[in-house]
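# Commentary on secondary and tertiary structure
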Amino acid sequence: MRAFRVEAQGATPRLVRIARPRPGPGEVLVRISACGLNFADLLMLRGTYQDMPDAPFTPGMEVAGRVEALGPGTRGPAPGTRVAVFGGHGGLAELGCFPAERAVPLPGSMDDVTAAGFLVAYGTSHLALARRARLEPGERLLVLGAAGGVGLTAVEIGALMGAEVVACARGADRLEIARRAGAAHLVDSEAGELRERVHALGGADVVYDPVGGPLFAAALRAARPEARILSIGFASGEMPEIRANHLLVKNLSVMGFYWGGYFRFRPEAVTASLAELLRWHGEGRLAPHVGHVLPLCEAGEALELLRTRRATGKVVVRIGDAPG
């Protein structure tokens, strides 16, 4: 079968043919039709991700496809079931073996391309806002990187939860996408006016930051007393340093959030969150935005869209039904 493979740590990934995998105990073999890309995939390629697989490995954290076989002692989902899976890696291939407990059966209303980019982005935003930040109706939510894969879902979910959403993104076109997702206020990150604009609105109660860098510092200063700042990721490539006296003066809370970690210490929280999100999608309350769909032979170009921050919404690689 074909796989977009990293043969040695730090090596450039390339499309190769490898042996067809066999599912072990507790695993499902999935015929992958689409793989959603995330910023974490770039960190994995650089060797700097907090949950690195050993080389050789296949990147691609989340997939959608159809169960083809079960490993020994695995009860289901049954072969033929359409599923989405957060596997952590292994998605940029025609077949993959993943923990059965992470395979989420898909409703007929959700196509595979949408499903491949659904779990991480929506799961991250929902669990971060509802569980960690405990966002309340009427609060002001500032979302940085508001037109990106996770940022756009934070705008959408925040608005559904009754928040007044302030979207910060680069340029008018990206801000228009955020406005359509439910943002009440728009701030161009390139104008250098984030702190002033948010202050003029009365400050932010919750900050959702998948970007880091200078925008984090500006958002911290724009936060209201007792605000909660969610540190989701560092798409800017710069991890901010936080001065404790700034937190003390306004009684601020900075919360780290890693969605994948919940599978280890609170898997029931992930299950409940995804069930609610799928229900919302089935009710027509969510409108996933897949900005780019590329074939497996262009996986490198798809990752480059993420690296250069040219993507809006999710980037999905379509694998197709090529024989293994």
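Scroll up to find the structure.
What comes next concerns the included structure. (Residues numbered from 1 in each chain as written. Predicted model: local features only at pLDDT ≥ 70, side-chain atom pairs only at ≥ 80, totals over all residues. Heavy atoms only, no water.)

## Details of the side chain of Asn38
Relative to the elements of secondary structure, Asn38 occurs in the loop between strand S3 (27-37) and helix H1 (39-46). Overall, Asn38 belongs to the buried group, its relative accessible area being 8%. A polar atom in the side chain of Asn38 sits 3.1 Å from the side chain of Glu62. In this structure, Asn38 is in contact with Met61, Glu62, Val120, Leu306 and Lys314, ignoring residues within four places of it in sequence. (Helix = DSSP H or I, 4+ residues; strand = E, 2+ residues; numbered from the N terminus. Buried < 20%, exposed > 50% of the residue type's maximum accessible area, 1.4 Å probe, protein only. Polar contact = N/O pair within 3.5 Å; in protein donor to acceptor, adjacent residues only side chain to side chain. Contact = heavy atoms within 4.5 Å.)

## Describing the pairing of strand S14 (residues 290-295)
One ladder, built from five bridges, connects S14 with strand S15 (residues 314-318); its direction is parallel. Bridging from a neighbouring strand, His292 pairs with Val315 of S15. The parallel pair S14 and S15 is bridged by helix H11 (residues 299-307), and the resulting crossover is right-handed. (Pairing = 2+ DSSP bridges. Right-handed = clockwise from strand over helix to strand, strands pointing away.)

## Observations regarding the side chain of Arg140
By secondary structure assignment, the location of Arg140 is in strand S8 (residues 140-144). Ignoring anything within four residues of it in the chain, the contact list for Arg140 reads Glu164, Val166, Leu201, Gly202, Gly203, Ala204, Asp205, Val206 and Arg224.

## Some remarks on the pattern of salt bridges
Once their charged atoms are close, side chains differing in charge can pair, the charge on each being opposite to the other. Throughout the structure, instances matching the rule amount to 15 salt bridges. Here Glu176 and Arg179 are joined by a salt bridge, their closest N and O atoms 2.5 Å apart. Taken together, the positions of Glu176 and Arg179, both in helix H5 (residues 171-180) and three residues apart, correspond to about one turn of that helix. Residue Glu176 is classed as partly exposed on the basis of its relative accessible area of 27%. Through salt bridges with shared partners, one network takes in Glu276, Arg279, Glu283 and Arg285. (Salt bridge = Lys/Arg side-chain N within 4 Å of Asp/Glu carboxyl O.)

## Here's the deal with the packing of helix H3 (residues 119-132) against helix H10 (residues 267-282)
Two numbers describe how H3 lies on H10: the axes approach to 10 Å, and their chain directions differ by 110°. In terms of orientation, H3 and H10 fall into the roughly perpendicular class. Regarding H3 and H10, the two cross each other, and that crossing is right-handed. Between H3 and H10, the contacting residues are Leu119, Tyr122, Gly123, His126, Leu127 and Arg131 on the first element and Ala269, Val270, Ser273, Leu274, Glu276, Leu277 and Trp280 on the second. Tallied by class, the residues present in the contact of H3 with H10 amount to eight nonpolar, three polar and two charged. (Axes fitted to C-alpha atoms, helices over the stretch in contact; angles between N-to-C directions. Parallel < 35°, antiparallel > 145°, perpendicular 65-115°, else oblique. Left-handed = near helix turned anticlockwise from the far one by under 90°. Nonpolar A, V, L, I, M, F, W, Y, C, P; charged D, E, K, R; others polar.)

## Some words on H1
Across the eight residues of H1, six count as buried, placing the element largely inside the fold. Lining the buried residues of H1 we find S3 and H11. Remark: Gly47 follows H1 within two positions and exhibits a positive phi of approximately 80°.

## Things to note about the packing of H3 against helix H4 (residues 149-160)
In contact at an axis separation of 8 Å, H3 and H4 are set at 50° when each is read in the N-to-C sense. As judged from the angle between their axes, H3 and H4 are oblique. In the crossing of H3 with H4, the sense of the turn from one axis to the other is right-handed. Across the interface between the two elements, Ala121, Tyr122, Ser125, His126 and Leu129 of H3 pack against Gly149, Val150, Thr153, Ala154, Glu156, Ile157 and Gly158 of H4. Split into classes, the residues belonging to the contact of H3 with H4 amount to six nonpolar, five polar and one charged.

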